[in-house]
Every structure is written in structure tokens, then in C-alpha cells.
Amino acid sequence: MNTRSGVSHQELLSTYRFVRLAMPGLALLLALSVGIQVFSPQPDCWLGSISAYYYTPARAVFVASLCAIGTCLFVYRGTTLREDAILNLSGVLAFFVAFIPTPLADATTGAGTLCGRSNVPSDVQLQAALDNNIVSGLVALVAVAIAYWVFGGFLREGRGRPAAGSVVAAFVVAAVPVALYVARPERFEQLGHYVAAIGLFCGVIAMIVMHAWPERFAGRTSDGEKPHTEEKFQRIYACVIVVMALILAASLVMKLVLHLDNALFLLESGLIAAFTFFWSVQTWENWGVENAEAAATAAATPAPEDARR
């Protein structure tokens, strides 16, 4: 059976599976690059956050992996409209986490340590990179919002243009950061990384919550149906949320009570590991032909003439 474009279900299924498999691979790539940087220069060369490794030889992998993860989140179609919106927003935020580095004045960059100062651009170079990356990202974001408004009907297989609410939301997501950057570019550069990183983590946590308790939080599909997740997988995803909460609590204790400088690094690492585990389990859940085909072909209904073949 073929879709209208002539692409077979098996090709769609393979693409869907590779998008699913790419995420753990990219998380592993980032972990290996940061891990090598942590242990190679000198023992116990820890920085205060994963983002601080932007200023080390791990920069290229850090930026590339975040952009690739953002792309996967953005292009992957969620089970429900609510999940799809969160995936899209999280994907956009991942780009800005990569494009806007944590400020050098931040203690998490580890001033004075070998791994914290091994690949630092000059102030002029850093400002030029910020201006270039932020403007490019914002213009591309506006272009995507316009394309969604113009071509959304084609993406929805002839069901007409997207709902007005969806279009408004897309333009708000694009317009707000543009307005903030135009009005207060210095503050945008100072706070943009933190806002994007927090939003990204909140987005992926919200997605896990939707699959742990789908009846309560997931919303409905584009056909008005409620999503279904097997009870055993719901329990696994609920356990992931509990683990994330414990990681957050432990990190707060390490920071506020034990005064450990790398508490944020451990928090980020733990949350990324937990999300990677969730994504891997969900890939296993939907790997079977029946479930995966439904997910992979949700946006590609077979044409009547193809169905008769």
C-alpha cells in the first residue's frame, strides 16, 4: 500500500524508527563528548553545567547535538495535538540553548580551570557569534511560522488550513522572542540561554507526564480520539517522573546544603538520562508494525485509488 506521494508504508515506518533511534544516539554523542572533556585534561575537571562545555573543545558536538535533537523534536509528530505543540516548542528551544551560550561571567563556566578556559572566543568574536546566531534563528523561526500558516493544510492532508488558535500560537512563539531581542538585546543575550534551557526541560517533562497519565493530561488526537498507552508502560513512565523529581530534590540538597558547585551539572545529566530512558522505552512500545505504522502514517492517509491496489 502506498501513500498519495507514492511513498510506501515501509519507508514511512523506517523513517519513523530512525527518528526515534536518533534521539538516544545524539544524547550518547553529547555524553561522550562532555565525558571525554571532563576526564581527559586533568582528573575531576568538572564544570558547573553541561552548557559550560560550550567553552571547551566539546563545543562543536554540544551545538550540533542540540540542533539535531531540536530537529528531531520539531519534526516528530506527537500522539495528540497538545503533545505535538510541546514537542515543537521544545524543538525550537533546543536551538536557542545551542545558539545562546551561558554567559562567561556565570560561575558554572569554571573560570580559571583548564577545561573551562581552553576554547574561549574573544569578546568581539563571542558578540559576533551571538548576533549572527540569534538573528538567524529568529528569522528562521518567523519563516517557519509563516510556512505553517501557508502550507499547514497540505501537511494535514487536505483538511484545510490549521485552526486559528494554532496559527496564532505559532506566530506568538515566533513574535515574542523577536520583540524581546529588538527591545532588550543585552538582556536577551544574558537570559536567553537560561529561559530556553528551563523551557526545554519543562517541555520534555510535560511530555512524559502526558504518557504516564494520558487520560488526564494528554488531550486528544487530531481525530478527537483519546490516546492509548498500555498500563505497564504508563507505570514505567510514572516511575521516570518520580526519578526526575528525586534527581531535582537531590540536586537542591547538593547545592543548598552541601554547596557543591557541580550540582547543576548533575541535575542536567540526570534529567537527560531519564528522558533518554523514557524515549527508548517509548520506542520499544511503538516498535511493532501495528503501533508504529499508526504513528508513522498518521499524517499520510492512503488515497482511495491506492487502497484498491
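Now for a look at the structure at hand. (Residues numbered from 1 in each chain as written. Predicted model: local features only at pLDDT ≥ 70, side-chain atom pairs only at ≥ 80, totals over all residues. Heavy atoms only, no water.)

**Thoughts on the nonpolar core**
In terms of nonpolar packing, the biggest core is built from 64 residues, with Leu73, Ile208, Met244, Phe275, Phe278 and Trp279 touching the most fellow members. Put simply, the parts of the chain that give this core at least two residues each are helix H1 (9-39), helix H2 (59-75), helix H3 (81-99), helix H4 (123-155), helix H5 (164-183), helix H6 (185-212), helix H8 (231-256) and helix H9 (263-285). If one sorts the elements of this core by residue count, H6 sits on top with nine residues. Ignoring any residue separated from it by four or fewer positions in sequence, one finds Met244 in contact with Ile205, Ile208, Leu271, Ala274 and Phe275. (Core = buried A, V, L, I, M, F, W, Y, C linked by side-chain atoms within 4.5 Å. Buried < 20%, exposed > 50% of the residue type's maximum accessible area, 1.4 Å probe, protein only. Helix = DSSP H or I, 4+ residues; strand = E, 2+ residues; numbered from the N terminus. Contact = heavy atoms within 4.5 Å.)

**A short note on H3**
Across its 19 residues, H3 extends 28 Å between first and last C-alpha, which sits within 8% of the 27 Å expected from 1.5 Å per residue. By the burial criterion, the buried members of H3 are Glu83, Ile86, Leu87, Ser90, Gly91, Val92, Leu93, Ala94, Phe96, Val97, Ala98 and Phe99. (Expected span 1.5 Å × (residues − 1).)

**Observations regarding the environment of Leu126**
Looking at the element boundaries, Leu126 is found in helix H4. On the accessibility criterion, Leu126 (13% relative accessible area) is buried. Beyond its immediate stretch of four places on either side in the chain, Leu126 contacts Tyr54, Tyr55, Pro101, Leu104 and Pro121.

**Notes on the pattern of salt bridges**
In the structure shown here, the tally under the stated rule is one salt bridge. Close ionic contact of Glu231 with Arg235 constitutes a salt bridge, the shortest N to O distance being 3.2 Å. One end of the pair is Glu231 and the other is Arg235, both in helix H8 and four residues apart, which spans about a single turn. The class of Glu231 is exposed, set by a relative accessible area of 58%. (Salt bridge = Lys/Arg side-chain N within 4 Å of Asp/Glu carboxyl O.)

**Considering the packing of aromatic side chains**
Applying the stated criterion to the full structure yields 14 aromatic pairs. Look at Phe275 and Trp279: their rings are 5.7 Å apart centre to centre, the planes differ by 50°, and that puts the pair in the tilted class. Placement of the pair is Phe275 and Trp279 together in helix H9, with a separation of four residues, close to one helical turn. Across the pair, exposure class does not vary: Phe275 and Trp279 are buried alike. (Phe/Tyr/Trp six-rings, centres within 6.5 Å; stacked < 30°, edge-to-face > 60°.)

**Focus on H2**
Here H2 contains 17 residues, and its C-alpha end-to-end distance of 24 Å stays within 8% of the 24 Å for a straight helix at 1.5 Å per residue. Of the positions making up H2, those classed as buried are Phe62, Ser65, Leu66, Cys67, Ile69, Gly70, Cys72 and Leu73. At its buried positions, H2 is contacted by H1, H3, H6 and H9.

**Remarks on the packing of H8 against H9**
Axis separation between H8 and H9 bottoms out at 9 Å; the angle between their running directions is 175°. If you check the angle between H8 and H9, you find them roughly antiparallel. By residue class, the composition of the contact of H8 with H9 is 18 nonpolar, three polar and two charged. (Axes fitted to C-alpha atoms, helices over the stretch in contact; angles between N-to-C directions. Parallel < 35°, antiparallel > 145°, perpendicular 65-115°, else oblique. Nonpolar A, V, L, I, M, F, W, Y, C, P; charged D, E, K, R; others polar.)

**Here we look at the packing of H3 against H6**
Following both chains from N to C, one finds H3 and H6 inclined at 150°, their axes separated by 8 Å at the closest point. As summarised for this structure, H3 and H6 are arranged roughly antiparallel, according to the angle between their axes. Crossing geometry of H3 relative to H6 is assigned as left-handed. Contact with H3, carried on its side by Arg82, Glu83, Ile86, Leu87, Ser90, Leu93, Ala94, Phe96 and Val97, involves His193, Ala196, Ala197, Gly199, Leu200, Gly203, Val204, Ala206, Met207, Met210 and His211 of H6 and no other residues of that element. (Left-handed = near helix turned anticlockwise from the far one by under 90°.)

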